[in-house]
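Examination of the molecular architecture
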Amino acid sequence: MNRRLSARRQERRLVPRRAAAALLATLGALVAVLLGTATPASAHAALLRTDPADGSVVQTAPQRVVLTFSEGVLLSADSLRVLDPQGVNVAVGTPAHADGKDSGSTATVGLRTGLGNGTYTVAWKAVSQDSHPVAGAFTFSVGAPSKTTVDVSAEAAVGGGAAGTLYGVARYVAYGGFALLVGGCVFLSVCWPQGARLRPMKRLAAGGWVALVAATIALIMLRGPYANGTGLGDAFDLDVIRTQLETRPGAALVSRLLLLAAAAVFLAVLFGSFTEREDPEERADLAWGLGIGGSVVAVGVAATWAMAEHASVGIQRKVAMPVDVVHLVSMAVWLGGLVTLLTALSLPSTAATLERAAVRRFSTIALTAITALVGTGTYQAWRQIGTWRAFTDTSYGRLLLIKIGLVCCLVGTAWFSRRWTRSLGEAVPAAVTAGKAGKAAKVGRQKAREAGQDARAQARRTPRQAVVAAAGGPEAVAGAEGAQEPGQGARGGTDDAADAAAGGAAGAGDSSDAGSGPDAAVERAAGGDPRRAAQLRRQQAVRAAARERKVRDADPARVALRRSVLIEAGIAVVLLTVTTILTGSQPGRAAEEQKNLAKAPAAPGASAPAATAPQQVSLSIPFDTGGAGGKGTASLTLAPPRAGQDAEVHLELADPSGKPIKAPEVRLAFTLPAQHLGPLPAKVSAFTGGHWIATGVRLPLAGTWQLALTVRTSDIDEVTVTRNVQITS
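Computed from a prediction, not measured in an experiment: that's the story for all the values here. (Residues numbered from 1 in each chain as written. Predicted model: local features only at pLDDT ≥ 70, side-chain atom pairs only at ≥ 80, totals over all residues. Heavy atoms only, no water.)

1. Some details on the pairing of strand S16 (residues 685–688)
Looking along a regular strand, one sees side chains alternate from face to face of the sheet. We apply this condition: When DSSP locates at least two bridges between a pair of strands, those strands are taken to pair. To qualify as a helix, a DSSP run of H or I must reach at least 4 residues; to qualify as a strand, a run of E must reach at least 2; elements of each kind are numbered from the N terminus.
Summarising the sheet, S16 and strand S17 (residues 691–698) pair through 3 bridges and their orientation is antiparallel. Residue pairing for S17: Thr-688 is matched across the bridge by His-691. Counted along the chain from S16 to the antiparallel partner S17, the turn is 2 residues long, and its residue Gly-690 has a positive phi close to 80 degrees.

Here it is as structure tokens:
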């Protein structure tokens, strides 16, 4: 019977743990999917025009090439390569800005004299002012177009691959560590100073610091492979790391490490001198110093993001950067404090000591942080989007809509949390708990005295019954005798005795008599058996944990608050993931400007490509994904099919009866096998049911391109079919 009850208690204890583990596993899988399926960073600096113009034919060889971007770019020694038809680099000197400024929006490089006729390929790569790498290629011809053997497939890897994925993960960890560090410190220093003495709370804030330091070091090491599109081996190349540290993003990361050294001193003071001070005046003076120093460090760390990402480029930069700092700090105070509150409410060792006033103080701080987040986020959305149409026409706008929806869900959940906070009851007073424990100890001692007076009964007892008597007295003996049935194994009897002895030892541990502590009671009950003593101590620990959980869950409002905060924390994990992807996407305003760009005029003396090429290419591609309703035909048109020009692709899927197929996913990519170029993905957007459109599809070279169409009709049914497409110059 006792075994069954013990198993049931154990099962009840495991249920919430399993639920929490399932929730964490689900959130972790969602984060992995979002980060793993994120595409390489979109081009943030758009190429506006080139001289010579893309696809043009000039009669005399130019002396240099000039590229103009939509924003400032950072250049390296290999940012510009001009390759002749045989693939030889004819560029002379080091790429530089045409206007001589380090942050100029142009890039230029000189060319060798005496260039022959033929088609030349310009392969370029740079780093946008918002720290994201961009790359591409275009062609121009001298005299007349010709065949070329140039391979520019390396440019497609910039910002992608394993380095890009790891870089994105490190950025996510950095955001999460910053939130835990700032939010945890604010909660423990302002809302709940007593919590700074508890080891779980210390570990939480220190864990945020460690995560941010580790992520920053990883970002410094991965910066080279991420920006250059090279292998992970360059992450350990000191020359590559040194080169990246000389750039603005590298300087921002180094500044972050220096500020984190100051943050380590802040943590040492917070968890050391601040918690040990007993004098209220000294404690107040130290609190002011911690508040000022911590604020400076938090603002400084947030500024390392603002000075190197979206806020540092575009319109109103002098306003956008301080606003971005406020946005980041508010996010950290809210989300990091939320995780700290959840930890304090969930751990049995801390939940009973968390005062109602501490929760209410955090509720007020969180409301202020949410207000700041909404205000700064609205300004940032206006600045980065520009038009209402960009919300639906750009990937940045769609991600922003998802983020807005998550924030609304988070605010709605926070409203319920505030309701539970208002009805939160005080923790169970320690005096009441101590009084109950004292009464239990008194009863236990009385029973022990009664058991000791009956010497004859004690002489007749078996060793097992003696253990039970030491634990709980005659009633325990009677219970044990009733439970001892014929044929019962010695192991079961030992378990019952150990359980009872653990209870007696716990009661004896509460006694104030000299020499009657918990260890002494356990040793007496175990009769000198080390294995039985260890079993009794485990029983004590289990019962103590059960009492702590009972105290933790005594207030229904506290239990409801913990559940609502858990939901908030889950939404916050997904929100932080979307934010990380959003900061790696091209802002909607820049994407809309790039779409509206007219084709650059040809350079002086240039001629347009011949007009004898077809105006569009039409293909009919049968496919079968293998599942139910997986058969159909894809009708694809590409216009114009010319190298170096922005083309538009229309794709319609229909089943054998001619009805549109609303496939969950459609992907499109182009490869030029002869030049080892590609695959170059084309971004496909749903237009209507069964109709997709890809705009701005630019294929840099003429030739026979291989089109790869991937259609997915269910979670597991997918097929990729290929066709050849002729692209003219």
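On we go.
2. Here we look at the nonpolar core
In plain terms, the rule: Buried Ala, Val, Leu, Ile, Met, Phe, Trp, Tyr and Cys residues that are joined via side-chain atoms within 4.5 Å together make up what is termed a nonpolar core. Only protein chains enter the calculation, and the probe is 1.4 Å; a residue is then buried if its accessible area is under 20% of its type maximum, exposed if over 50%, and partly exposed in between. Note on contacts: a residue pair qualifies if any of its non-hydrogen atoms lie within 4.5 Å across the two residues.
Phe-178 and Leu-354 are the most contacted members of the largest nonpolar core, which totals 74 residues. Looking at this core, the element that brings in the most residues is helix H8 (residues 317–346), giving 13 residues. Filtering out sequence-adjacent residues up to four positions away, Phe-178 remains in contact with Leu-212, Ala-298, Val-301, Ala-302, Trp-305, Leu-328, Met-331 and Ala-332. One finds Val-617, Val-666, Ala-682 and Val-721 within the second-largest nonpolar core, a separate group that totals 34 residues.

3. Points about the packing of aromatic side chains
Under the convention used in this document: Aromatic rings from Phe, Tyr and Trp, taking only the six-membered ring of Trp, are treated as a pair when their centres fall within 6.5 Å; an angle between ring planes under 30 degrees marks them as stacked, one over 60 as edge-to-face, and anything in between as tilted. Here, over-ring charges are defined by two tests on the NZ atom of lysine or the CZ atom of arginine: distance to the ring centre within 6 Å, and angle to the ring normal within 35 degrees.
Counted by the stated rule, this structure contains 9 aromatic pairs. For the pair Tyr-379 and Trp-382, a centre-to-centre distance of 6.0 Å together with 40 degrees between the ring planes defines the contact as tilted. Here Tyr-379 pairs with Trp-382, and both are found in helix H10 (residues 356–385), just 3 residues apart, close to one helical turn. A relative accessible area of 17% places Tyr-379 in the buried class. Overall, Trp-382 belongs to the partly exposed group, its relative accessible area being 44%. Above the ring of Trp-305, the side-chain terminus of Arg-256 is found at 3.9 Å from the ring centroid.

4. Some words on a nonpolar patch on the surface
Filter applied, for reference: Patch rule: a residue counts if its relative accessible area is over 30% and it has no salt bridge; like charges are joined within 9 Å, and nonpolar side chains (Val, Leu, Ile, Met, Phe, Trp, Tyr) within 5 Å. With residues, only the protein chains shown are counted as cover, and all accessible areas are computed by Shrake-Rupley using a 1.4 Å probe. Salt bridges are defined as contacts in which a side-chain nitrogen from Lys or Arg sits within 4 Å of a carboxyl oxygen from Asp or Glu.
Together, Leu-245, Val-254 and Leu-258 make up a nonpolar patch on the protein surface, roughly 240 Å² of accessible area in all. Counting through the fold element by element, Leu-258 comes out in helix H5 (residues 248–270).

5. Quick word on the packing of helix H2 (residues 161–191) against H10
Applicable threshold: Here, axes are lines fitted to C-alpha atoms. For helices the fit covers the stretch in contact, and angles between N-to-C directions go from 0 to 180 degrees. Every angle not falling under 35 degrees, over 145, or within 65 to 115 is termed oblique; those three ranges are roughly parallel, roughly antiparallel and roughly perpendicular. Left-handed describes a crossing whose near helix is turned anticlockwise from the far helix by less than a right angle; the clockwise case is right-handed. When residues are sorted by character, Ala, Val, Leu, Ile, Met, Phe, Trp, Tyr, Cys and Pro go into the nonpolar class, Asp, Glu, Lys and Arg into the charged class, and all the rest, Gly among them, into the polar class.
For the pair H2 and H10, interaxial distance at closest approach is 10 Å and the crossing angle is 125 degrees. Taken together, the axes of H2 and H10 lie oblique to each other. Where H2 crosses over H10, the handedness of that crossing is right-handed. Note on element contacts: H10 touches H2 through Ala-358, Arg-361, Phe-362 and Ile-365, opposite Val-186, Phe-187, Val-190 and Cys-191. Its residues assigned to classes, the contact of H2 with H10 shows 7 nonpolar, no polar and 1 charged.

6. A few points about the sheet that holds strand S18 (residues 703–712)
Taken in spatial order, the 4 strands make up an open sheet running S15-S14-S18-S19, and their pairing is antiparallel. Each having just a single partner strand, strand S15 (677–682) and strand S19 (718–727) make up the two edges of the open sheet. When strand polarity is set aside, the average angle formed by the axes of neighbouring strands in this sheet is 25 degrees. Here 7 bridges tie strand S14 (residues 665–672) to S18, and the two strands are oriented antiparallel to one another. Across the sheet, Leu-668 pairs through a bridge with Leu-709, a residue of S18.

7. Some thoughts on the packing of H2 against helix H3 (residues 199–228)
Two numbers describe how H2 lies on H3: the axes approach to 7 Å, and their chain directions differ by 155 degrees. Considering the angle they form, H2 stands roughly antiparallel to H3. Between H2 and H3 the crossing geometry is left-handed. Of the residues contributing to the contact of H2 with H3, the split by class is 23 nonpolar, 3 polar and 2 charged.

8. A closer look at the pattern of salt bridges
What the rule picks out here adds up to 7 salt bridges. A salt bridge links Arg-242 to Asp-239; the shortest N-O distance between them is 2.8 Å. Of the two residues, Arg-242 and Asp-239 are both situated in helix H4 (residues 238–245); the distance of 3 residues between them amounts to about one turn of the helix. Judged by relative accessible area, Arg-242 falls into the partly exposed class, the value being 46%. One salt bridge connects Glu-665 with Arg-667, and the closest N-O pair in it is separated by 2.8 Å.

9. Some thoughts on H3
Test applied: To estimate the expected span of a helix, count its residues, drop one, and scale the result by 1.5 Å. Two axes are fitted around each residue, one to the seven residues ending there and one to the seven starting there, and the angle between them is reported as the bend at that residue.
Compared with an ideal rise of 1.5 Å per residue, which puts 30 residues at 44 Å, H3 spans 44 Å between its outermost C-alpha atoms and is within 8% of the ideal. Leu-222 marks the point of greatest bend in H3, at about 45 degrees, and the proline Pro-225 comes within the next four residues. Positive phi appears at Gly-229, one or two residues downstream of H3, with a value of about 70 degrees.

10. Observations regarding the sheet that holds strand S6 (residues 91–96)
Pairing is antiparallel across the open sheet formed by 4 strands, whose spatial order is S1-S3-S7-S6. At either margin of the open sheet sits one strand with a lone partner, and together these are strand S1 (47–51) and S6. Taking each pair of neighbouring strands and ignoring which way they run, the sheet shows an average axis angle of 15 degrees. Relative to strand S7 (residues 106–111), S6 is paired through 3 bridges, and the arrangement is antiparallel. Residue pairing across strands places Val-92 opposite Gly-110, the latter belonging to S7.

11. Details of the confidence of the model for the protein chain
The line we're drawing: Values of pLDDT, ranging from 0 to 100, describe the predictor's confidence in every residue of the model.
Looking at the protein chain, the pLDDT average stands at 74 and 70% of residues meet or exceed 70. Counting interchain partners and residues more than four positions distant, the pLDDT-below-50 stretch residues 1–43 has 38 contacts. Scored below 50 in pLDDT, residues 426–441 shows 11 contacts in the model against residues more than four places distant or in partner chains.

12. Regarding the environment of Glu-648
Basically, it comes down to this: Under this definition, polar contacts are N or O atom pairs within 3.5 Å; protein pairs additionally need one hydrogen-donor-capable and one acceptor-capable atom, and for neighbouring residues in sequence, both atoms have to be side-chain atoms.
As for its placement among the helices and strands, Glu-648 is situated in strand S13 (residues 646–654). Sequence separation between Glu-648 and Ala-694 is 46 residues; the distance between their C-alpha atoms is 5.8 Å. Reaching out from Glu-648, the side chain makes a polar contact with the side chain of His-650 at a distance of 2.6 Å.

13. Remarks on the environment of Val-319
Note that Val-319 resides in helix H8. For Val-319, a relative accessible area of 43% puts it in the partly exposed group. Between the alpha carbons of Val-319 and Tyr-379 there is a distance of 10.0 Å; along the sequence they are 60 residues apart.

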